[in-house]
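So you can see what is in the structure, the chains are spelled out below.
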Amino acid sequence: MTGDSAAKSVAASGGPPAASHRALHAALEALEAGRQEEARAMLAPLVAPLMESGRAYELADHQPLVTLAEGYNASLDWAGGHLVYQVLVAAGHAGFVDRRDWLAKRVAVQEQFLAHFEGETSLARLGQVLGPRLGGQVRGIKTTRMRPGMVAMALYRHEVTLEGRSGPMVVVEKTFRDRKADIEKLTLQDLLFTTVPPQRLFAPAYYGMLRGGSFGSSFHAMVPGESLPPSRWERTWRELMYYYWSEAPHPRLAAGKKLMRQVMSDLRHVAAGGLRPAMRAHLSDRLRGDGAASAAAARMAAIEAAVAPLPLFVLHDDLHAGNILVDEQGSLSVIDWDRWWLAPIGAGWPVPFTPEDGEAMSLDRITWARPLPAGVGTSQMMLAAALWAWQLATRHEHPKDAARYLERALTWEG
């Protein structure tokens with residue numbers, strides 16, 4: 001796909017073979033009629049290329065279909081991805097209801113999206129926008145679609161040629177719908193990077209956002225490198241947290257989202273008996289049943305008071321090895337700041353399932369830059385870490401982990 005000719009996506013040019021969509025429709029109908037074996041036989045040829053050789057497909061295994069859906073989404077065939085998630089839910093994988101419903105909204109705007117982003121050349125769409133931001137007159141843009149994640153609708157890699165420059169500048173465009181939740185991501189990210197120089201957060205250079213029609217975009221420098229090797233994750237994670245904790249947030253960032261406001265809202269939900277059954281099942285005997293609700297109601301005020309004195313910092317919402325890129329010189333770049341929080345120091349630290357496990361925080365690594373109030377230390381910080389870990393595990397549908405982290409918070413004694 002180039003910026004000098006209208007882009008063609010898989011979805012726009014006919015997409016994957018129509019037969020695969022028909023097979024998914026037929027499998028969905030079979031599942032809804034209770035004919036599981038018939039559905040399995042229809043799905044097996046679709047997922048066979050995505051599985052280990054010789055391994056038989058079973059409906060209980062959700063991963064092959066998730067991989068299939070991700071492939072459709074990467075080619076902007078959201079209708080195909082939506083079909084797969086419908087099949088997953090019909091096969092009993094209720095954890096994918098949210099993805100099914102989320103993708104249905106994309107299907108509704110697919111033609112509009114393609115017309116907006118790929119209906120004209122990138123030079124015509126972005127030339128006048130990127131020129132002032134990159135510091136020159138744009139002479140050409142060569143565009144390639146990249147594989148998107150779950151947040152952005154699509155990712156585009158733009159090689160932008162500027163007047164008088166010997167080589168192109170490479171810019172990544174992340175695209176979103178112009179709806180409340182997505183525009184909140186764009187505007188809060190814009191607030192962050194127009195207040196804090198991106199390099200202070202190890203983030204790529206930021207070239208602003210753009211809203212037009214029913215969609216919005218953010219623009220960032222393309223950074224070289226590969227995802228952080230798993231062997232380096234644990235140490236890098238801790239070092240990044242120490243660094244981010246040392247950075248006091250600019251007063252302008254007070255307009256950002258407050259983690260503890262969300263945490264307390266969720267604790268009130270637990271106190272009202274709203275804990276999900278899948279999470280409740282993994283709690284200890286004394287918290288199972290109505291115990292968690294009683295404990296949350298009794299402990300909320302103490303939890304809030306314990307965390308309140310902790311200084312705040314900017315917390316990346318989705319920090320993991322895949323969002324940390326390492327170049328040939330070993331330099332790090334932290335990407336995907338679509339969501340961030342003002343969070344109490346301590347949030348983000350790895351939480352062991354038993355207090356005896358894991359690596360303890362070093363107060364000296366914190367207090368040299370951010371003095372802590374008298375009487376505040378690692379106990380309160382580990383409480384903040386447990387509350388954040390509970391949030392993440394709940395969001396990512398890990399009920400066993402979420403239950404353990406919640407129990408750590410509800411049984412905190414200071």
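Here the structure is shown first, and the text comes after it.
Residues numbered from 1 in each chain as written. Predicted model: local features only at pLDDT ≥ 70, side-chain atom pairs only at ≥ 80, totals over all residues. Heavy atoms only, no water.

A. Structural view of the overall build of the protein chain. From N to C terminus, the protein chain includes 15 helices and 10 strands. Its C-alpha radius of gyration of 24 Å places the protein chain within 12% of the 22 Å reference for a compact globule of 414 residues. In terms of overall dimensions, the protein chain has a C-alpha envelope of 65 × 65 × 40 Å along the principal axes. Within the protein chain, the fraction of its 414 residues that count as buried is 48%. Long-range contacts, defined as pairs at least 24 residues apart, comprise 67% of the intrachain contacts of the protein chain with a sequence gap of at least 6. Of the roughly 19300 Å² of accessible surface on the protein chain, 53% is carried by carbon and sulfur atoms. For the protein chain, the distance from the average position of its 44 positive side-chain charges to the average position of its 44 negative side-chain charges is 4 Å. (Helix = DSSP H or I, 4+ residues; strand = E, 2+ residues; numbered from the N terminus. Rg over C-alpha atoms; globule rule 2.2 N^0.38 Å. Buried < 20%, exposed > 50% of the residue type's maximum accessible area, 1.4 Å probe, protein only. Contact = heavy atoms within 4.5 Å. Areas by Shrake-Rupley, 256 points an atom, 1.4 Å probe, with all protein chains shown as cover. Lys, Arg positive; Asp, Glu negative; His and termini not counted. Charge placed at Lys NZ, Arg CZ, Asp CG, Glu CD.)

B. Molecular detail of the environment of V172. Along the chain, V172 turns up in strand β3 (residues 169–177). For the pair formed by V172 and Y156, sequence separation is 16 residues and the distance between their alpha carbons is 5.7 Å. Ignoring any residue separated from it by four or fewer positions in sequence, one finds V172 in contact with M146, Y156, S218, F219, H220 and M222.

C. Region of the structure containing the sheet that holds strand β8 (residues 324–326). Pairing is antiparallel in the open sheet, where three strands are placed in the order β6-β8-β9. Since the sheet does not close on itself, it has two edges, and those belong to β6 (226–227) and β9 (332–334), each with one partner. In the sheet, β8 pairs with β9 via three bridges, with the strands oriented antiparallel. Each bridged residue has a counterpart across the sheet, and for I324 the counterpart in β9 is V334. (Pairing = 2+ DSSP bridges.)

D. Inspection of the packing of helix α10 (residues 259–271) against helix α12 (residues 291–307) at higher detail. Two numbers describe how α10 lies on α12: the axes approach to 8 Å, and their chain directions differ by 160 degrees. In this view, α10 runs roughly antiparallel relative to α12, as classed from their interaxial angle. Handedness of the crossing formed by α10 with α12: left-handed. Where α10 approaches α12, its residues M260, M264, L267, R268, V270 and A271 are matched on the opposing element by A292, A293, A296, A297, M300, I303, E304 and V307. For the contact of α10 with α12, the class distribution of residues is 12 nonpolar, no polar and two charged. (Axes fitted to C-alpha atoms, helices over the stretch in contact; angles between N-to-C directions. Parallel < 35°, antiparallel > 145°, perpendicular 65-115°, else oblique. Left-handed = near helix turned anticlockwise from the far one by under 90°. Nonpolar A, V, L, I, M, F, W, Y, C, P; charged D, E, K, R; others polar.)

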